[in-house]
Amino acid sequence: MPVQSSAPPASTIGQEIRIPDHSGCMLGYSLGMPPTPRDPGRSSIQVLGRAARILKTVGAHNGTMRLASLDDAVGLAKTTTHRIVTALAEEQLLRVDMDGRIWLGSALGALAREATAGLVDDLRPTLVSLQQTIDETVDLSVLEGDAVRFVDQVQSSQALRVVSAVGAAFPLHCTANGKAFLATLPDDQVEHLLSRPLQRFTPATITSREQLLEELAAIRATGTAIDRQEHSPGISAVAALVTRDGEPYAAISVPVPAERFAAQQDALLRHVQTACKNAST
């Protein structure tokens, strides 16, 4: 995870200076002509649209884009971009680190947690229905930075079952839900998240970036991901994503004791993919 650091002072993130001419009119207006009245409502909507564009662009390249190149990426003038970034940073919606890289801010995390509460209510019926169909534990998780966090769970009724703590976070590269999320991210963001050595948790953990990238390509083709005892010995899992308007919304995963996973793998993949498709529509 990136080291938290304060955003640079507003004075260092670009300033707009307007200079009056000798007659007192602001440069840019014709002498003797009053400025064209501006529609404040339209102007406000325009600023909101630009701020949303900046947030989405930063989110797609979280921590991999520098402030100096953001204006080109969003198609805005440098002074306009810096002014909006300053305002968003003051509200902790964005954060600029000491190297000039831009991150989504902590306030967005708080908003995301509020949104998660609605997500859980939204998808709880899907989890219950899937659990009743397969009688295995069903988990719901969301992408959070460089980890996947469990936000809900419906447990299996079987004596031997897999249980994960709701609220716990797990790595992306060796979990079914984590790999499902990774497969949807832009290449540069995947490269950033995989820039550090991949930690080995079990003998089956994939620690080769090349091998993992090949698996992500296969996940994109099938829409489902598998964890074959890669994070925890004796536990395998399948996962797929719920989407909203084509964007990743949440992951539904089914962890199963490895001793009964092979016999159920194809059926589990089919059921979890169907559940996610239904929830997405």
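It should be noted that the structure appears before, not after, this text.
Residues numbered from 1 in each chain as written. Predicted model: local features only at pLDDT ≥ 70, side-chain atom pairs only at ≥ 80, totals over all residues. Heavy atoms only, no water.

### What about the overall build of the protein chain?
Next up, step 1: Helices and strands together make up the secondary structure of the protein chain, namely eight helices and eight strands.
Next up, step 2: Expressed as a percentage of its 281 residues, the buried residues of the protein chain come to 41%.
Next up, step 3: Restricting the contact set of the protein chain to residue pairs at least 6 apart, pairs at least 24 apart contribute 57%.
Next up, step 4: Roughly 15200 Å² of accessible area belongs to the protein chain as shown, and the carbon and sulfur atoms make up 54% of that amount. (Helix = DSSP H or I, 4+ residues; strand = E, 2+ residues; numbered from the N terminus. Buried < 20%, exposed > 50% of the residue type's maximum accessible area, 1.4 Å probe, protein only. Contact = heavy atoms within 4.5 Å. Areas by Shrake-Rupley, 256 points an atom, 1.4 Å probe, with all protein chains shown as cover.)

### A word on the side chain of Asp-139
Next up, step 1: Its place among the elements puts Asp-139 in strand β3 (residues 138-144).
Next up, step 2: For Asp-139, which is buried and forms no salt bridge, the nearest opposite charge comes from Arg-124, at a distance of 8.9 Å.
Next up, step 3: For Asp-139, the side chain forms a polar contact with the side chain of Gln-153, separated by 2.7 Å.
Next up, step 4: Here Asp-139 is in contact with Leu-127, Phe-150, Asp-152, Gln-153, Ser-164, Ala-251, Ile-252, Ser-253 and Pro-255, once residues within four sequence places are set aside. (Lys, Arg positive; Asp, Glu negative; His and termini not counted. Salt bridge = Lys/Arg side-chain N within 4 Å of Asp/Glu carboxyl O. Polar contact = N/O pair within 3.5 Å; in protein donor to acceptor, adjacent residues only side chain to side chain.)

### Describing the nonpolar core
Next up, step 1: Within the largest apolar cluster, 26 residues are counted, with the highest numbers of intra-cluster contacts made by Leu-119, Leu-130, Leu-140, Val-238, Ile-252 and Val-254.
Next up, step 2: Secondary structure elements with two or more residues in this core: α4 (106-134), β3, β4 (147-154), β7 (235-244), β8 (247-257) and α8 (261-280).
Next up, step 3: Residue contacts for Leu-130: discarding those within four places in its chain leaves Val-138, Ile-252, Val-254, His-271, Val-272 and Ala-275. (Core = buried A, V, L, I, M, F, W, Y, C linked by side-chain atoms within 4.5 Å.)

### Topic: the environment of Asp-245
Next up, step 1: One can find Asp-245 in the loop between β7 and β8.
Next up, step 2: The exposure class assigned to Asp-245 is exposed, which follows from its relative accessible area of 83%.
Next up, step 3: With 35 residues separating them in the primary sequence, Asp-245 and Ser-280 have C-alpha atoms 8.4 Å apart.

### Some thoughts on the pairing of β8
Moving residue by residue along a regular strand, the side chains alternate between the two faces of the sheet.
Next up, step 1: The buried count for β8 comes to eight of 11 residues, which makes it a mostly enclosed element.
Next up, step 2: When β7 meets β8, the two strands line up antiparallel, connected through 10 bridges. Bridge pairing in β8 places Ala-239 opposite Ser-253.
Next up, step 3: What sits between β7 and β8 in their antiparallel hairpin is a turn of two residues, with Asp-245 showing a positive phi close to 55°. (Pairing = 2+ DSSP bridges.)

### Some thoughts on unusual backbone geometry
Next up, step 1: In this structure, Gln-92 takes a positive phi of about 60° despite not being glycine.
Next up, step 2: The backbone phi angle of Asp-245 is positive, close to 55°, even though this residue is not glycine.

### Observations regarding the packing of helix α2 (residues 67-74) against helix α3 (residues 78-90)
The relative placement of two packed helices comes down to the angle between their axes together with the axis-to-axis distance.
Next up, step 1: One can describe the packing of α2 onto α3 by two numbers: an axis separation of 9 Å at closest approach and a directional angle of 110°. Relative to α3, the element α2 lies roughly perpendicular. The chirality of how α2 crosses α3 is right-handed. Across the interface between the two elements, Leu-67, Ala-68, Leu-70, Asp-71 and Val-74 of α2 pack against Lys-78, Thr-81, His-82 and Val-85 of α3. (Axes fitted to C-alpha atoms, helices over the stretch in contact; angles between N-to-C directions. Parallel < 35°, antiparallel > 145°, perpendicular 65-115°, else oblique. Left-handed = near helix turned anticlockwise from the far one by under 90°.)

### So, the packing of aromatic side chains
Next up, step 1: Within this structure, the stated rule accounts for one aromatic pair.
Next up, step 2: With 5.1 Å between their ring centres and 90° between their planes, Phe-150 and Phe-170 make a pair best called edge-to-face. In this pair, Phe-150 is assigned in strand β4 and Phe-170 in strand β5 (residues 169-171), connecting sequence segments 20 residues apart. This pair shows no difference in class: Phe-150 is buried, exactly as Phe-170 is. (Phe/Tyr/Trp six-rings, centres within 6.5 Å; stacked < 30°, edge-to-face > 60°.)

### Observations regarding the sheet that holds β8
Next up, step 1: Read across the sheet, six strands follow the order β5-β4-β3-β8-β7-β6 without closing on themselves; strand pairing throughout is antiparallel. Each end of this open sheet is capped by a strand with a single partner; those strands are β5 and β6 (225-228). On average, each strand axis in the sheet is inclined to that of its neighbour by 30°, with strand direction left out of account.
Next up, step 2: Two elements, β3 and β4, share seven bridges in a ladder whose sense is antiparallel. When the bridges of β4 are listed, Leu-143 appears paired with Val-148.
Next up, step 3: Of the strands in this sheet, β6, β7 and β8 touch α8, which is tilted by about 15° from β7.

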